[in-house]
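Structure assessment
Read off the chains here:
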Amino acid sequence: MDKYSALPKQGVETPALARRISTLLYSKVKLRLTLLLAAPLTWLVLVYIAALLALLVTALYSVDSYTSQIQTQLTFKNVLKVLTGQVYQTVALRTLGIALLVTIVDTLIALPIAFYMAKIASPRLQRLLVIAVLMPLWASYLVKAYAWRSVLSNEGIMQWLLRPLGLDTPGYGITATIITLGYLWLPYVILPIYAGLERVPNSLLEASGDLGAKTSTTLRLVMLPMLVPAIIAGSIFSFSLTMGDYITVNIVGGANQMLGNLVATNVGNNLPLAAAIALIPVLIMFGYLTAVRKTGALENL
Amino acid sequence: MISKTAMKLSALTAAAALALTGCASATPSPTSTVPTALGKTEGTVSLLAWPGYVEDGSNDPAYDWVSKFEDQTGCMVTSKSYGTSDEATSLFKTGDYDVVAASGDATLRLIASGDVAELNTDLIPSYAGVYDFLKAKPWNSVDGKVYGVPHGYGANLLMYKKDVVKPAPTSWDVVFDKSSAYKGKVTAYDSPIYIADAAVYLMAHNPELNITDPYALDETQLQAAIDLLKAQRVNVGEYWSDYLKEIQAFETGDSVVGTTWQVIVNSMSAKAKVGAILPTEGATGWSDSWMISSKAKSPNCAYKWLDYIDSPEANAAATGYFGEAPATAAACEFMGQDVCDSYHAGDEAYAAKIYYWTTPIANCLDGRTDVECTDYARWTEAWQEIKG
């Protein structure tokens with residue numbers, strides 16, 4: 001009984017409070033904005049900016065070489081070591097080279113696939129192809145990397161395929177790393193280019209053809225300029241993901257190491273040095289993104 | 001408006017950074033007191049160990065010594081395996097593990113950083129049965145205080161594919177001076193401690209370097225080892241720290257010669273046709289210790305585990321599976337005297353041929369006082385340089 005008698009009272013009070021809050025929020029624009037942005041901003045600051053700052057600050061610490069305990073006096077020792085050390089330069093260049101090659105290979109493969117998906121395939125086939133492109137993402141990264149380890153091995157399927165042609169499997173090494181990473185990141189490159197191609201109106205291509213342009217000319221002068229932002233958007237994925245990778249190269253890279261491996265080697269015993277090394281890809285990515293921002297490709301993500 | 005927001009943002013980030021640095025500067029080193037009696041068991045215990053040390057039958061139903069422990073003590077075991085001592089020290093520092101099985105190149109670092117607690121061996125009845133020559137050694141105790149109980153010991157062997165590496169090797173030269181014959185198919189252990197393997201080789205082949213302890217290298221001696229390893233690097237197909245990776249590489253013939261553990265040899269299929277030897281130069285090896293975290297959440301279960309794993313039957317099962325000599329003579333009754341002999345258990349002369357992993361430090365371990373030796377941080381740096 002009490003339950004019911006209490007109801008009308010609540011029913012009157014709650015809307016009144018809600019109405020008062022909504023009136024307050026309606027009149028105070030800034031308060032509304034603050035409340036709306038508080039949660040995502042806290043997240044951004046804590047997870048992203050604070051993490052980056054922590055990385056920066058850690059790079060300026062040093063460690064006791066015996067116990068690996070961090071000593072918090074600030075020093076530029078590690079940063080200088082990373083900037084001047086031969087091994088860090090070699091590995092940074094190797095990583096950069098691998099990232100560029102993976103990006104180029106992926107873009108070259110993605111362009112025709114995305115073009116077929118967006119412009120030639122029937123709507124039904126189009127849907128199937130999108131699913132097919134996304135399908136590999138359902139499997140674990142590790143499973144795919146180990147699959148390539150077995151494909152590329154001495155007794156793997158690659159060797160079996162190439163043997164009749166008088167060729168050998170590339171074996172484990174930089175080539176294997178590029179193949180595997182190229183495979184892993186391909187969906188991330190195809191999708192933005194596909195999305196970019198979908199936005200190119202067919203009428204433009206037809207107009208170009210009607211005006212006498214050959215297919216290659218249309219592709220080069222009409223299609224490509226409109227696609228550049230989409231290609232760059234795709235390249236950001238393959239480039240940045242490769243810059244930070246260390247597992248694939250560990251599995252199929254033979255004796256080679258990338259920047260990620262140097263970070264992983266040091267993270268246990270010399271965290272400040274690991275942080276200093278981790279700043280290299282951060283800087284490279286920062287430079288790359290700044291350059292890319294000018295092309296307007298970021299709006300295409 | 002924009003600048004105001006920006007200012008607020010920067011103030012926030014500054015505060016966050018302050019909070020972070022504040023956290024980092026406080027490095028508590030807990031000084032736990034040594035227990036005099038065991039309390040009630042906690043119901044769970046988490047272990048960090050080399051692969052093959054904690055088997056509950058999930059890898060191979062025939063190998064299970066964890067279930068019996070769980071039945072006896074009611075402590076449910078969770079475990080994680082690691083590939084290198086560096087990985088072990090960084091994992092253990094998270095404080096997520098009650099117990100660690102560590103080799104000599106990790107134990108001293110863990111003791112020095114206060115991550116492991118001093119033990120009261122009276123609470124570990126089976127400790128009495130452990131070989132005396134393994135007790136209170138420099139790698140498991142400091143100033144007479146015991147921090148670890150022995151698990152077992154063994155050598156890093158040379159494994160080769162019999163159908164490729166002919167004649168059968170007797171020396172490490174197949175992976176060093178003669179490694180070019182197997183270009184791209186040589187493998188080596190991926191850790192700075194592998195520098196000691198090169199030092200062992202140099203001890204025998206370059207006596208003018210006067211290396212007496214592979215873990216006490218001055219700058220000249222270290223440089224000689226680095227040069228040897230850089231020459232080897234050209235012929236290395238891949239380095240391994242994940243033992244499954246090495247098994248697969250030898251199965252497919254991607255690696256044909258290199259360092260190995262007995263457990264890997266035991267896991268190889270007959271089809272792979274591998275052999276393994278302890279070369280004439282001697283070898284590096286390990287003598288592992290079980291240690292308890294100074295921040296252990298389940299110290300009572302942890303003590304129970306230490307007692308259990310040193311008990312003859314469990315010790316026989318665990319060391320037999322990994323392929324190393326057990327820590328107690330009584331374990332040989334369970335693993336068979338012939339097996340025990342094949343690991344040279346209790347054979348002090350054989351044990352002397354093994355240079356046990358230990359952490360290189362600036363004060364030369366071989367007693368030299370006229371030079372400063374290279375420490376592990378230097379070795380880590382050198383190892384990165386060698387891999388290039």
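Definitions and limits used
- Residues numbered from 1 in each chain as written.
- Chains lettered and ligands numbered in written order.
- Predicted model: local features only at pLDDT ≥ 70, side-chain atom pairs only at ≥ 80, totals over all residues.
- Heavy atoms only, no water.
- Disulfide = S-S within 2.5 Å.
- Helix = DSSP H or I, 4+ residues; strand = E, 2+ residues; numbered from the N terminus.
- Contact = heavy atoms within 4.5 Å.
- Buried area = accessible area lost by both parts, 1.4 Å probe.
- Salt bridge = Lys/Arg side-chain N within 4 Å of Asp/Glu carboxyl O.
- Polar contact = N/O pair within 3.5 Å; in protein donor to acceptor, adjacent residues only side chain to side chain.
- Nonpolar A, V, L, I, M, F, W, Y, C, P; charged D, E, K, R; others polar.
- Pairing = 2+ DSSP bridges.
- Axes fitted to C-alpha atoms, helices over the stretch in contact; angles between N-to-C directions.
- Domains from an automatic or database assignment.
- pLDDT = per-residue confidence, 0-100.

Quick look at the state of the cysteines
Residues and elements named next belong to chain B. Scanning all chains against the criterion turns up three disulfides over all chains. Through a disulfide, C75 is tied to C301; the S-S separation comes to 1.9 Å. Disulfide C75-C301: the torsion about the S-S bond is -85 degrees, which places it as left-handed. Placement of the pair is C75 in the loop between α2 (66–73) and β2 (76–81) and C301 in helix α9 (residues 299–309), with a sequence separation of 226 residues.

Here we look at the interface of chain B and chain A
Taken together, the contact between chain B and chain A spans 43 residues of the former and 36 residues of the latter. When chain B packs against chain A, close to 3300 Å² is buried across both sides, 54% of that on carbon and sulfur atoms. Remark: the boundary between chain B and chain A carries two salt bridges. The salt bridge partner of B:E381 is A:K81, with a shortest N-O separation of 2.8 Å. Put simply, chain B and chain A have 14 residue pairs in polar contact (both at pLDDT 80 or more) between them. When contributions to the side of chain B that touches chain A are tallied by element, the ones reaching two or more residues are α1 (2–25), α3 (85–92), α4 (104–112), β9 (236–240), α7 (243–252) and α14 (376–387) of chain B. Among the elements that take part in the side of chain B that touches chain A, α1(B) stands out by supplying eight residues, more than any other. Partitioning the side of chain B that touches chain A into residue classes produces 14 nonpolar, 14 polar and 15 charged.

Here we look at the sheet that holds strand β11 (residues 274–277) of chain B
Residues and elements named next belong to chain B. Strands sit in the order β9-β8-β10-β7-β11 across an open sheet of five strands; the sheet is mixed. At either end of the open sheet lies a strand with only one pairing partner, and these are β9 and β11. Between one strand and the next, the sheet's axes are offset by a mean angle of 25 degrees, whatever the strand orientation.

A look at the domain arrangement of chain B
All names here are of chain B. Domain annotation for chain B reports domain 1 (44–153 + 286–355) and domain 2 (157–260 + 359–387). Distance from the C-alpha centre of domain 1 to the C-alpha centre of domain 2: 26 Å. Taken residue by residue, the interface counts 11 residues in domain 1 and 13 residues in domain 2. Carbon and sulfur atoms make up 57% of the area that domain 1 and domain 2 hide from each other, which totals about 990 Å². When the buried area of domain 1 at its contact with domain 2 is split by residue, T84, D105 and Y355 rank highest and sum to 49% of it. The tally of links between domain 1 and domain 2 comes to zero salt bridges. Viewed at the interface, domain 2 and domain 1 are joined by four residue pairs in polar contact (both at pLDDT 80 or more). Looking at which element gives the most residues to the side of domain 1 that touches domain 2, the answer is α4, with five residues.

As for the confidence of the model for chain A
On average, residues of chain A score 88 in pLDDT, and 93% of them reach the 70 mark or higher. Looking at the elements of chain A, mean pLDDT is at its lowest for helix α1 (residues 2–27) of chain A, recorded as 68, and at its highest for helix α4 (residues 86–120) of chain A, recorded as 95.

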